[in-house]
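# Geometric and topological summary
Here's the letter readout for the chains.
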Amino acid sequence: MARFRRRLALVIGAALVAAGCGGGGTTSSVQGNWDDVVAAAREEGSVLLYSSQNPAILESLKKAWNEKYPDITLEFVRGTDADLNPRIETENRTGRGTADVHIVTDASWIANAAESGSYSQVLRGPNRERPEYQPDRSIKNDRFFLNVAATFSMGWNTQAVPGGFDDPRDMLDPKYTGKIGVVNPAGIASFVDLYDYFRENFGDDYADRLAALHPRIYPSALGVAQALTSGEVVASPTVQPLIQEKAKGAPVDWVLPRPTWGVPFYGHVTATAPHPNAAQVLADFMVGPEGQAAQAIGVATALPGISGATADAHDVRTPDPAKLTPEYVDRSSTEWQQLFQG
């Protein structure tokens, strides 16, 4: 009976907090210690994640979560930043939240949202305080947490290119005309930064030379990986590390270029989270050892010593938010489309 009363008090407390913030459509986790938050999360019983991560990573995360929190159902919605960021903004503006946790790569959006504090809740939980997580480098404004970082590689179909590549410029050969797969950066700040990286490190004319080979264009790195596996294309300078594909016996291989480009994934608990306690527990789980291990599929992790990690996420190049303004992204996207699709 005492346990029941305690849990009932937690639920009532959460409801009162939500009701008190109802005018702005915000919610927040219960007051109290971390055990109280976890207990309230179990009462909520579900949590929804918006993320642009690879579906294989999200499924692995869901499996690990279910093993630890079988009484809290985790569901996810996957989309690009261009898909999900406007949804988060709409939910925030209307006060009708659907997402509990949002994982995003858009450096400018992250910087502006972290500074304003209006889209997110202050983070709680013990894992974000681990010294090995390096909270001083990993947490922005107490609201955004470094989760993992995607590292992009050169990939090839070993049946067509048995020797592979040592440098992205090795692909700029006329014999690969029409056989290279690339990611369309339109509207996606991180991919705009990717093409800037190519120009900065492999020549101002790299994109021009690549476009002259009439590459096949895909909306995501996942699409490029599938095309390499099927043989639809034979090479790509913009693909995720093909770890899973190789493990399944696909005729592909990959290597990270030097210097390596990547993009950090940051997460936050949304201001309008319908399940604010479960959201805090999920955010904390993602940066803990179990969550990091579950996500270590071809990505850099924010914790050291995680099996399968490609690098330390803290060392991955972070796009400059001051440069990647919406205007710059739109202009660069238009220029890219004119070059590659004009």
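All values derive from a computational prediction rather than experimental measurement. (Residues numbered from 1 in each chain as written. Predicted model: local features only at pLDDT ≥ 70, side-chain atom pairs only at ≥ 80, totals over all residues. Heavy atoms only, no water.)

## Quick notes on the packing of aromatic side chains
Here the structure, examined in full by the defined rule, presents 18 aromatic pairs. On the basis of an interplanar angle of 80° and a centroid distance of 5.5 Å, the ring pair of Trp65 and Phe285 is categorised as edge-to-face. Placement of the pair is Trp65 in helix H3 (residues 55–68) and Phe285 in helix H11 (residues 276–286), with a sequence separation of 220 residues. Judged by its relative accessible area of 3%, Phe285 falls in the buried class. Ring pairs connect the aromatic residues Tyr195, Tyr197, Phe198, Phe202, Tyr206, Trp336 and Phe340, which therefore count as one cluster. (Phe/Tyr/Trp six-rings, centres within 6.5 Å; stacked < 30°, edge-to-face > 60°. Helix = DSSP H or I, 4+ residues; strand = E, 2+ residues; numbered from the N terminus. Buried < 20%, exposed > 50% of the residue type's maximum accessible area, 1.4 Å probe, protein only.)

## Side note on the environment of Val30
Structurally, Val30 is set in the loop between helix H1 (2–20) and helix H2 (34–44). Once the C-alpha coordinates of Val30 and Asp173 are considered, the two residues, 143 residues apart in sequence, prove to be 60 Å apart.

## Focus: helix H13 (residues 326–341)
Because the α-helix completes a turn every 3.6 residues, residues three or four places apart line up on one side. In this model H13 runs 21 Å from its N-terminal to its C-terminal C-alpha over 16 residues, within 8% of the 22 Å that 1.5 Å per residue would give. Residues Tyr328, Val329, Ser332, Ser333, Trp336 and Phe340 constitute the buried set of H13. Considered in projection along H13, the buried side chains sweep an arc of 125° and stay on one side of the axis. Exposed side chains of H13 directed beyond 90 degrees from the buried face belong to Glu327 and Gln338. Along its buried surface, H13 packs onto strand S7 (181–183), helix H7 (189–202), helix H8 (206–211) and strand S8 (216–218). (Expected span 1.5 Å × (residues − 1). Arc of directions from axis to C-beta. Contact = heavy atoms within 4.5 Å.)

## Remarks on the layout of surface pockets
Its volume calculated, the largest pocket comes out at about 320 Å³. Lining the largest pocket are 19 residues; nearest its centre among them are Asn85, Glu89, Asp106, Trp109 and Pro326. When contributions to the lining of the largest pocket are tallied by element, the ones reaching two or more residues are helix H4 (81–94), helix H5 (107–116) and H13. (1 Å grid on protein atoms, 1.4 Å probe; cavity = no way out; pocket = protein on both sides within 12 Å on 5 of 7 lines; lining within 4 Å. Points joined across faces, edges and corners; volume = space filled by probe spheres on them.)

## Some details on the packing of H3 against H11
Where H3 contacts H11, the two axes come as close as 12 Å, and the packing angle between them is 115°. As far as their axial angle goes, H11 and H3 are roughly perpendicular. The way H3 lies across H11 gives a crossing that is right-handed. Packed against H3, whose contacting residues are Leu61, Ala64, Trp65 and Lys68, the element H11 presents Ala278, Val281, Leu282, Phe285 and Met286 at the interface. When its residues are assigned to classes, the contact of H3 with H11 shows eight nonpolar, no polar and one charged. (Axes fitted to C-alpha atoms, helices over the stretch in contact; angles between N-to-C directions. Parallel < 35°, antiparallel > 145°, perpendicular 65-115°, else oblique. Left-handed = near helix turned anticlockwise from the far one by under 90°. Nonpolar A, V, L, I, M, F, W, Y, C, P; charged D, E, K, R; others polar.)

## Comments concerning the packing of H7 against H13
At a closest axis distance of 10 Å, the pairing of H7 and H13 adopts a crossing angle of 60°. Here H7 is positioned oblique relative to H13, judged by the angle of their axes. When you trace H7 past H13, the crossing you get is left-handed. In this structure, H7 contributes Ala189, Val192, Tyr195 and Asp196 to the contact, and H13 contributes Tyr328, Val329, Ser332, Ser333, Trp336 and Phe340. Broken down by class, the residue content of the contact of H7 with H13 amounts to seven nonpolar, two polar and one charged.

## Let's talk about the sheet that holds strand S10 (residues 252–255)
Taken in spatial order, the three strands line up as S9-S6-S10 in an open sheet, and their pairing is antiparallel. Each edge of the sheet is formed by a strand with only one pairing partner; in this case those strands are strand S9 (235–239) and S10. Adjacent strand axes in the sheet meet at a mean angle of 25° when their direction is disregarded. Examined bridge by bridge, strand S6 (residues 153–157) and S9 share three bridges and lie antiparallel to one another. Along S9, the bridge assignment pairs Ser153 with Val239. Running at roughly 155° to S9, helix H9 (residues 221–230) makes contact with S6, S9 and S10 of the sheet. (Pairing = 2+ DSSP bridges.)

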